[in-house]
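Spelled out, the chains give:
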Amino acid sequence: MKTKSAFVRTTSPNTMAGRFGTVCATRLLPLLLFLLLPAAVQAQDFTYNDNGNGTCTITKYIGSGGAVTIPNTIDGLLVTDIGEEAFRWSTSLTSVTIPTSVTNIGDEAFAYCSGLTSVTIPDGVTSIGVEAFFDCSGLTNVTIGASVTSIGDYALEYCTSLTAITVDPLNSIYSSVGGVLFDNSRTTLIQCPEGKAGNYTIPDSVTSIGSWAFFICTSLTSVTIPDSVTSIGVEAFFDCSGLTNVTIGTSVTSIGEEVFSGCSSLTSVTIPDSVTSIGDSAFYYCTSLTRVTISDSVTSIV
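Below, the structure is looked at part by part. No experiment lies behind these values; they were computed from the predicted model shown.

1. Focus: the overall build of the protein
- Each helix and strand counted, the protein has one helix and 26 strands in total.
- Within the protein, the proportion of its 302 residues that are buried is 45%.
- The long-range fraction of contacts in the protein, counting pairs at least 24 apart against all pairs at least 6 apart in sequence, stands at 33%.
- When the accessible surface of the protein is summed, it comes to about 13,600 Å², and 53% of that surface belongs to carbon and sulfur atoms.

2. A closer look at the sheet that holds strand β20 (residues 231-232)
- Spatial ordering of the open sheet is given by β14-β15-β16-β18-β20-β22-β24-β26, a layout of eight strands whose pairing is mixed. Either end of the sheet is taken by a strand with one partner, and the two such strands are β14 (174-177) and β26 (300-301).
- Pairing of strand β18 (residues 208-209) with β20 involves two bridges; the strand directions are parallel. The partner of isoleucine 209 across the bridge, within β20, is isoleucine 232.

3. Remarks on the packing of aromatic side chains
- Applying the stated criterion to the full structure yields 16 aromatic pairs.
- With 4.7 Å between their ring centres and 20° between their planes, phenylalanine 87 and phenylalanine 110 make a pair best called stacked. With phenylalanine 87 in the loop between β6 (77-82) and β7 (93-97) and phenylalanine 110 in the loop between β8 (104-105) and β9 (118-121), the pair connects residues that are 23 residues apart, well separated along the chain. The pair phenylalanine 87 / phenylalanine 110 is uniform in exposure class, with both members buried.
- Ring centres of tryptophan 89 and tyrosine 112 lie 4.4 Å apart, and the angle between their planes is 5°; this geometry places the pair in the stacked category. Here tyrosine 112 lies in the loop between β8 and β9 and tryptophan 89 lies in the loop between β6 and β7, a separation of 23 residues in the sequence.
- Residue classification places tryptophan 89 among the exposed residues on the basis of a relative accessible area of 53%.
- Assessed through its relative accessible area of 17%, tyrosine 112 is described here as buried.
- Joined through ring pairs, the aromatic side chains of Trp89, Tyr112, Phe134, Tyr158, Phe215 and Phe238 make up one cluster.

4. Remarks on empty space enclosed by the protein
- Counted under the stated rule, the structure contains one cavity of 30 Å³ or more.
- Reported here for the largest cavity is a volume of approximately 50 Å³.
- Lining the largest cavity we find Ile121, Ile128, Phe133, Val142, Ile144, Ile151, Ala155, Leu156 and Leu181.
- In terms of residue class, the lining of the largest cavity is made up of nine nonpolar, no polar and no charged.

5. Regarding the pairing of β14
- Relative to strand β15 (residues 180-183), β14 runs antiparallel, the two being bridged by four bridges. Note on β15: the bridge partner recorded for serine 175 is phenylalanine 182.
- Joining the antiparallel neighbours β14 and β15 is a turn of two residues, in which glycine 178 adopts a positive phi near 60°.

6. Looking at the nonpolar core
- Counting 41 residues, the largest nonpolar core has Ile82, Phe87, Ile105, Phe110, Phe133 and Leu139 as its most contacted members.
- The set of elements that each furnish at least two residues to this core consists of β2 (42-50), β3 (55-61), β6, β7, β9, β11 (141-144) and β13 (164-167).
- Contact partners of leucine 139, with chain neighbours within four places excluded, come to Leu116, Thr117, Ser118, Val119, Phe133, Leu156, Cys159, Ser161 and Leu162.
- Counting residues in hydrophobic clusters, the runner-up holds 36 residues, among them Ile202, Ile255, Val269 and Ile271.

7. A word on the layout of surface pockets
- The computed volume of the largest pocket comes to approximately 220 Å³.
- Lining the largest pocket are 13 residues; nearest its centre among them are Gly152, Asp153, Tyr154, Ile190 and Gln191.
- Considered class by class, the residues forming the lining of the largest pocket number eight nonpolar, three polar and two charged.

Analysis parameters
Residues numbered from 1 in each chain as written. Predicted model: local features only at pLDDT ≥ 70, side-chain atom pairs only at ≥ 80, totals over all residues. Heavy atoms only, no water. Helix = DSSP H or I, 4+ residues; strand = E, 2+ residues; numbered from the N terminus. Buried < 20%, exposed > 50% of the residue type's maximum accessible area, 1.4 Å probe, protein only. Contact = heavy atoms within 4.5 Å. Areas by Shrake-Rupley, 256 points an atom, 1.4 Å probe, with all protein chains shown as cover. Pairing = 2+ DSSP bridges. Phe/Tyr/Trp six-rings, centres within 6.5 Å; stacked < 30°, edge-to-face > 60°. 1 Å grid on protein atoms, 1.4 Å probe; cavity = no way out; pocket = protein on both sides within 12 Å on 5 of 7 lines; lining within 4 Å. Points joined across faces, edges and corners; volume = space filled by probe spheres on them. Nonpolar A, V, L, I, M, F, W, Y, C, P; charged D, E, K, R; others polar. Core = buried A, V, L, I, M, F, W, Y, C linked by side-chain atoms within 4.5 Å.

Nothing here speaks to function; it is geometry throughout.
Shown next, in the form of structure tokens:
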């Protein structure tokens, strides 16, 4: 596999050439483009791997940032993959347009891109890697296309400004309601965006709250868990430091490890009769917690 570099340049049309004769225009056009239109010039620099089948993988972005459009092709090769860590730490990146030719976004591909404000994952992308947008602290909204079938762990963790995750209605695996990410049947709540604020009531269709589902949602103040929910995953409400009140439905049978760990504003919790086990450090570092009511049905507290 051969690694290459590409310099892709796009410019807006030059209308000055028409004011000169054909000979002058031919000679002066490059100079006019350079002198008269520097603000309209967008330069994108990438290194890439030739996959050997007419496609390539972007391995590193080496441009100056700003609004970046990834090309469909580089040197005649179709761009199908954004490789691991390809844009990692590109803090000057403000927006990125991903072509429909891309099918895979690698692990940590855009991790720590703190200047990135919004992302649209187009139809064509099937896989979003582990920590793909990890710690993109300026990211406010993400749109997920119809073809995505896999979202890696922590793909949108520490995106503290994120207020909405929107999924294409035609997606067969995932869905969204009110900016919150669910599975397609809306029985599992996968992720609440970390910038969501105020009170939140989980829909009655939900039976399971996934691990890390409300991870560091520091602006949430109240959460109501309906009676339809039977399980709450590991660290589901970890470090929700603004959470003052949580209502747990009467069908929850287990509370996982560190579920409310770091909920420093939580003052009281009532565990319903349906719960039989409470995981390790479930209420660790809940420094304002003064009362926990536990029923006789609980047989295991780790």
